[in-house]
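Each chain, written out:
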Amino acid sequence: MTASPITLTSLADQLTGEVFLPGDPGWDQARTPWNVAVDQHPAAVVLVEGVRDVVATVEAARTLGLRVAVQGTGHNAAPLGANGSLADTILLRTTRLRDVTIDPATGTARAEAGALWGEVTAAAAPHGLAALAGSSPDVGVAGYTLGGGLSWLARAHGLAANHVRAIELVTADGTHRRVDAATDPDLFWALRGGGGNFGVVTAIEFGLLPITDLFAGALLWPVERAAEVVPAWRQWVETVPEEVTSVVRVLNLPPLPLIPEPLRGRSFVAVEAAILLDDAAATGLLTPLRALGPAMDTFHRTPITELAQLHMDPPEPVPAAGDGVLLADLDDAAVRRFVDVTAAEPALLSSELRHLGGALAPGRAAGGAVSGLDARFLLFTVGIAPSPEAGAAVAAAAGRVKGALAPQHAATQFANFRESRCDPAEMYGQALERLRAVRSRIDPEGLFRGHHPVD
Ligand SMILES: Cc1cc2nc3c(=O)[nH]c(=O)nc-3n(C[C@H](O)[C@H](O)[C@H](O)COP(=O)(O)OP(=O)(O)OC[C@H]3O[C@@H](n4cnc5c(N)ncnc54)[C@H](O)[C@@H]3O)c2cc1C
């Protein structure tokens, strides 16, 4: 007796997880990413429950001549669809792979691909350990780390990808592998920065740091003070050690109940910082900024588990449009242009400049394809996009802010904050050729579709 050929419908019979096809009950929920403004229409959505489901989905896609795109949360869903229709693609979602284990003896964590940073931070903290989590607790460990991973501790400890010890993944041939620096150095290198171009990552092992708390908080001024505060922050960052990672941002907060009352419906310029020093040293460093008389000052010794509140990222899925770009440097004229252009764009919820350098500088860490950032600052702008029209208006405003700093754009870009299409040569720079060589070996038919493709 011969087995019937696989179809997207019969794939469900092979899985513990679920398959959703267009029109099925639950289709809209299954296909909707964290950024709910992104309208994804793949051939099917598979919610996998384990490695066997991943292998079955990869094999079915190959047999059916479909491609596979992996998504955890969908925080960076925008570029995935912007790189062409998803009609020939199975969207494999790792949302249900959530196990996190901490090994205090080795100071490592193993997080399944659907785990969120808030879950890792909460699991590590009771052991006196911290992960290089990003600013938002509901960003996924996998997408963030595979892109590089820029945390509040980045200037002292570099990118999250540099702390990865091993990666488990299912490759295009349906093999489940555990890849580290010894078993397949090239693939291990490519995965750390090369994103979703090489397979379905099922779990990541990474080193933790012995950090329980730090000095962190924000200073806020009315937005009319931006012309004083942004240049002062720009001068201040020249004076701070690597233990300080900071951001300056212009915030136009909507009048929504989820925004705390003193901030709701108002506009601010803010400096946020995480400082890995004792209180006296941190307080001393903040003196020049506090001398500008902020209207609010939230700095205090902060447990590592509270750090995820510092940036006030939305606690649940939102419709958003935005984009980010690395900046080689910022001179006085560029700082003035940032102040002027953001003042003219009240539709943007946040326009921020993150201070890079320190342990992020290229050459400081021998990691993977993205082991440092060849830029001194990162610009990210975002706005709420409840309708396609609002999304277009926000995207245009974000484009104007990016455009005002065009002379400062760095030669290579950073996948995590890039939410629009990007030429692979600009995204991966000198790493591109080697990334393509690894992809040709591991995925010769181009089964996998990363949100920032290498080809
Ligand atoms: C509110 C907010 C705050 C953020 N803060 C930070 C920050 O502080 N630092 C920072 O570096 N970034 C930050 N980001 C950017 C974030 O790191 C990227 O959006 C990242 O891609 C999200 O990963 P994800 O898995 O949550 O998202 P997804 O959209 O699910 O994944 C993005 C891409 O990663 C790849 N991918 C994901 N999972 C897998 C897998 N299991 N196997 C193979 N490939 C996979 C795929 O190519 C996928 O398209 C932030 C984003 C938002 C929206």
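Keep in mind the model is a prediction, meaning the values are calculated, not measured.

*Asks:* Tell me about the overall build of the protein chain, and name the residues and values.
*Replies:* Assigned secondary structure in the protein chain consists of 14 helices and 17 strands. For 455 residues, the compact-globule estimate of 2.2 N^0.38 gives 23 Å, and the protein chain sits close to it at 22 Å. Taken along its principal axes, the extent of the C-alpha atoms in the protein chain is 80 × 50 × 40 Å. Expressed as a percentage of the 455 residues in the protein chain, the buried residues total 58%. Long-range contacts, defined here as pairs at least 24 residues apart, represent 74% of the contacts in the protein chain between residues at least 6 apart.

*Asks:* Explain the sheet that holds strand β1 (residues 18-20) residue by residue, including any values.
*Replies:* With respect to topology, four strands assemble into an open sheet ordered β1-β2-β4-β3, the strand pairing being mixed. What marks the edges here is a single partner per strand, and that holds for β1 and β3 (67-71). Along the sheet, successive strands turn relative to each other by an average axial angle of 25°, direction set aside. Bridge analysis of strand β2 (residues 44-47) against strand β4 (residues 89-93) gives four bridges, and the strand direction is parallel. Within β4, the residue paired with V45 across the bridge is L91.

*Asks:* Which residues make up the pairing of strand β7 (residues 164-170), and what values go with them?
*Replies:* Counted residue by residue, β7 has six buried out of seven residues, so it is predominantly covered. Note: β7 against strand β9 (residues 200-207), six bridges, orientation antiparallel. Looking at the pairing, L169 lines up with V201 of β9. Of the strand pairs in this sheet, β7 and strand β8 (residues 176-179) are connected by four bridges, and their pairing is antiparallel. Paired with I167 across the bridge in β8 is V179. Between β7 and β8, which pair antiparallel and follow one another directly, the connecting turn spans five residues, one of which, G174, has a positive phi of 85°.

*Asks:* With reference to specific residues and values, describe the side chain of N416.
*Replies:* One can find N416 in the loop between α12 (388-404) and α13 (424-428). Under the relative-accessibility criterion, N416 is labelled buried at 16%. Here N416 is in contact with N76, G143, Y144, G147, G148 and G149, once residues within four sequence places are set aside.

*Asks:* Outline the domain arrangement of the protein chain, listing residues and values.
*Replies:* Split into domains, the protein chain comes out as domain 1 (9-93), domain 2 (100-210) and domain 3 (213-417). Distance between the C-alpha centres of domain 2 and domain 3: 24 Å. Each partner contributes to the interface: domain 2 provides 29 residues, whereas domain 3 provides 42 residues. Each partner contributes to the roughly 2,600 Å² buried at the junction of domain 2 and domain 3, and carbon and sulfur atoms together form 62% of this total. Looking only at domain 2, the three residues that lose the most surface to domain 3 are L150, W152 and R155, adding up to 38% of its buried area.

*Asks:* So what's going on with the nonpolar core? Which residues, and what values?
*Replies:* Within the largest apolar cluster, 65 residues are counted, with the highest numbers of intra-cluster contacts made by W117, F206, L307 and L435. When residues of this core are assigned to their parent elements, the largest contribution, five residues, is made by helix α8 (residues 185-194). A domain split of this core shows at least three residues from each of domain 2 (100-210) and domain 3 (213-417). Sequence-distant contacts of F206, defined by excluding residues within four places in its chain, comprise G107, T108, A109, A111, W117, V120, A131, V141, H163, V164 and R165. One finds W221, V240, V335 and A385 within the second-largest nonpolar core, a separate group that totals 42 residues.

Criteria and cut-off values
Residues numbered from 1 in each chain as written. Predicted model: local features only at pLDDT ≥ 70, side-chain atom pairs only at ≥ 80, totals over all residues. Heavy atoms only, no water. Helix = DSSP H or I, 4+ residues; strand = E, 2+ residues; numbered from the N terminus. Rg over C-alpha atoms; globule rule 2.2 N^0.38 Å. Buried < 20%, exposed > 50% of the residue type's maximum accessible area, 1.4 Å probe, protein only. Contact = heavy atoms within 4.5 Å. Pairing = 2+ DSSP bridges. Axes fitted to C-alpha atoms, helices over the stretch in contact; angles between N-to-C directions. Domains from an automatic or database assignment. Buried area = accessible area lost by both parts, 1.4 Å probe. Core = buried A, V, L, I, M, F, W, Y, C linked by side-chain atoms within 4.5 Å.

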